[in-house]
Each structure stands twice: as structure tokens, then as C-alpha cells.
Amino acid sequence: MMGECDKISVIVPVYNVKEYLGICIDSILSQTYSNIELILVDDGSTDGCKDICMEYAATDERVKVLSQPHKGAAAARKLAIEAATGEWIGFVDSDDWIEPDMYDSLYRVAVNSNSDIVLEGHIAEFNNASKTWINSIREGFYSKDEMINEVYPKMKPDASTQRWLVSTACWDKLFKKDVVENAVRSVDDRIWDGDDIAFVYPALLEADSIYVMNRPLYHHRIRTQSLSSAYDEYAFERLGVLFRELRANYKNSDHWELMKKPFAYQMRWFILRHISLELDTDIFEENYAVQPYLFPFSDVEKDKKIVLYGSGNVGKIYERQIRQSQYCKIVLWVSKDYKNSEGMVSSPYMITDCEYDYIVIAVADNSIAQDIRKHLLGMGVADEKIIWKDPVFL
């Protein structure tokens, strides 16, 4: 039985938010629920954020300050979860703020309903406007069976509006520690965009019960600068890591068959988001065909020269993703059926006259891929230069 005074550990990764940090920390320390442990993780800030954190720690014994070189929020949360001593875990972004009774409200709902996770709404704070967001599922308690029937199928963005039906954020929730801690630990540090969903959705699959409340008690600051900086030169490589990690988590759960379709929508959203950021245009609003295969970005280093082998559906999608992302350079595109292929597709024998780092086999069928590999090895291509990954259909 949970006690009335369970401790809540609130984890805040901090990176170069000096202008907003004080507002964030004050809103947490002034909570009406006082049994709080605030863990601030300075993620290599260069603007004096660490000094601010230390000042708060010197005046309030509930504050812990941890430090690491700049590794990102995922690494910061992992560091903090090891130091957390609370029975419950909350997360706050360091440029956001929360209502004074947020954790009291979330905790009381969790205790009274015997829920592993409580989800709430939030208020998106723009420069000159605010917008309330709530989950697109009914308010109230969900048993495991109800989660399977009503929640898991909606853990995806809406196909028409691209609005997430169940929030992927970690900061608008309160988690029982033993439900979320392993999910936090498992997140690959290379995941930056999507570092929330990488452990929030697996935690929801792990939970036996949840409670959804519509009352928005969290203020999420929307900054133009943070949006424009969401894309980086390794974006598609990180996306490949997110893809494989989510897929592994879903497969390791008891709900893989149920999660296949939501997973497809999740990855489609991230692919389109990254292309939008890289091209500085909102293609969510346009009727673009979905690209159902993902190029193996994490297996090919950025800016490497590749030969793309295959001109069917997989090859065309790979070529388009590479061209749009400019992640690496296609120096030659080949296919056995090159005479009937569209675009600049050549004979595989042109490989012998080409300088390249890798040959990426772009076919879906494993037996065909292995035949191509044998053919390439027979041509004298080194095995370590040949890459083929089963291109799972999204």
C-alpha cells in the first residue's frame, strides 16, 4: 500500500536555458506537495546554468545537482534515474514551468486509483498565445485490458492532422519508479529527437494500469530557436537508432502484433518531421506519399560514398531519402535490371571502375539480397563494404 508521503523525484535535464531556469526551478520547489527531490542535471551548459543550479542546492536540501559533458537529455535522465530515491518519478524540461498543485494532483490520483502512470494535459506556451492540449482518449482509469483495447491502438499521430493521440512527452506524466526506470536506462544516448517516446511508450506497455486526467497543469514553452535546432547533421542516423530501439522494445513486449500499425505511424511522423526540418518546409500539410522503408542511416557514416544496388521500390525510396537528407553521397546506382530501370541506373559491373566506401543492397527479399552479396564477393568486393538490412515495411 502506498503511503501518504511517498517521495517524488523530479528530473530536470539542463542545457543553456539561463533565461528560463529560475522560473522552472521555482515552480517545482514551490509545489504544494513538499516531499519532492529535485535532481538537476547540467548537460555541459556554457551559459552559467550550472552556477544557478548550485545556488539553489545551497539553499534547499531537496535539490541535487549532477553534471556531465554535453550528451543530451537521454543521457542526463539516465544519470538522474540512478540517483533518484523517490518512489515516483516526474520530468520537467528546464525552460518550462508547472502549476503549484501539479504533483499533489497527480500523486493523489495515482494513489486513489492505484495507477502506475498518470497522464495529464498541458498548455503550449507560444510568444503571444497559449493553447491547451489534452490526450485524445477518454478521461479516467484504465485497467490493463482497457489499455490494450483503448490506449495502445491510439499511441500514434492522427493520420490526417499528425496530432499525437496519446502524448509522447515525459513531462506531462507521473510514473511509478519501478515501471519507468528500466525504460529510461535503455534509451540510446544518440537519440535526441524522440528521446521521450523512446521510453514513455515502452513504459506505457509495461504499466498494469494508468489514469488519464484532462486538467492541464504543465506549461510547455514553444521556442522558435529550439524548433529550428531540432535538426542536426546526424538527424537521420539518430532516426535509424530510434527506429531499431522502439521496434526492439515493442517486440520484447507482449503487444508486438497490436503495436505494428501504431509503430508505422510513429516512424512515418518522424521521417516526415526530419525531412521538413532539413528542407525548411512543412510537408505534413501536403499530400505526400509515405516512404515505407527506412535507409540504414546508422550503419553508414555521414558523408560516405555509397553504391546503391537495387532500383525497385526499396531502391527508389532509399535514393529519395538520401537525396533529400544529403546524409551521404550516391556515387553509383546499379541494378541487374538496369536496362528497364528509371533514372541513372547502371550495370553492376560498373562497380569495378568506381571509388566507394560501401555498397548498400536495396532489396526487401533476404534470398535476393544474399544472391547479390555472393555476386559482389565474386567480383572481389570486400564483405565489410557490403551492407544489407531487412527493410521492415513501415
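Above this text is the structure in question.
Colleague: Would you mind going over the environment of Cys5 with me for this structure?
Modeller: For Cys5, the position within the fold is in the segment before β1 (8-14). Along the chain, Cys5 and Asn35 lie 30 residues apart, while their C-alpha atoms are 6.7 Å from each other. Setting aside chain neighbours within four positions, we find Cys5 in contact with Tyr33, Asn35 and Tyr107.

Colleague: Honestly, the packing of helix α1 (residues 18-29) against helix α2 (residues 49-59) in this entry has me stumped. Any pointers?
Modeller: To characterise two packed helices, one gives the angle between the axes of the helices and the distance between these axes. Between α1 and α2, the least distance of the axes is 10 Å, while the angle of their chain directions is 25°. If you check the angle between α1 and α2, you find them roughly parallel. In this structure, the crossing between α1 and α2 has a hand that is right-handed. Here Lys18, Leu21, Gly22, Ile25, Asp26 and Leu29 of α1 lie close against α2, whose contacting residues are Cys49, Ile52, Cys53 and Tyr56. Counted by class, the contact of α1 with α2 contains 7 nonpolar, 1 polar and 2 charged residues.

Colleague: Honestly, the sheet that holds strand β14 (residues 386-387) in this entry has me stumped. Any pointers?
Modeller: Backbone hydrogen bonds hold the strands of a sheet together, and the pairing may be parallel or antiparallel. Strand order in this open sheet of 4 strands is β12-β11-β13-β14, and the pairing throughout is parallel. Bordering the open sheet on either side are β12 (329-334) and β14, each of which pairs with just one other strand. Strands in contact with helix α12 (residues 366-378) are β11 (305-309), β13 (358-361) and β14; relative to β13, the strand with the most contacts, it is inclined by about 155°.

Colleague: Before we go on, may I ask you to explain the nonpolar core in this structure?
Modeller: A general trend in soluble globular proteins is that nonpolar side chains are found buried together. Core analysis: the biggest nonpolar cluster contains 107 residues, and Tyr103 and Ile210 have the highest contact counts within it. Ignoring sequence-local partners within four residues, the contact set of Ile210 consists of Ser115, Ile117, Leu119, Gly140, Phe141, Tyr142, Met147, Val151 and Leu204. Counting 15 residues, the second largest nonpolar core, distinct from the first, contains Leu332, Ala369, Ile372 and Val381.

Reading the values: rules and limits
- Residues numbered from 1 in each chain as written.
- Predicted model: local features only at pLDDT ≥ 70, side-chain atom pairs only at ≥ 80, totals over all residues.
- Heavy atoms only, no water.
- Helix = DSSP H or I, 4+ residues; strand = E, 2+ residues; numbered from the N terminus.
- Contact = heavy atoms within 4.5 Å.
- Axes fitted to C-alpha atoms, helices over the stretch in contact; angles between N-to-C directions.
- Parallel < 35°, antiparallel > 145°, perpendicular 65-115°, else oblique.
- Left-handed = near helix turned anticlockwise from the far one by under 90°.
- Nonpolar A, V, L, I, M, F, W, Y, C, P; charged D, E, K, R; others polar.
- Pairing = 2+ DSSP bridges.
- Core = buried A, V, L, I, M, F, W, Y, C linked by side-chain atoms within 4.5 Å.
- Buried < 20%, exposed > 50% of the residue type's maximum accessible area, 1.4 Å probe, protein only.

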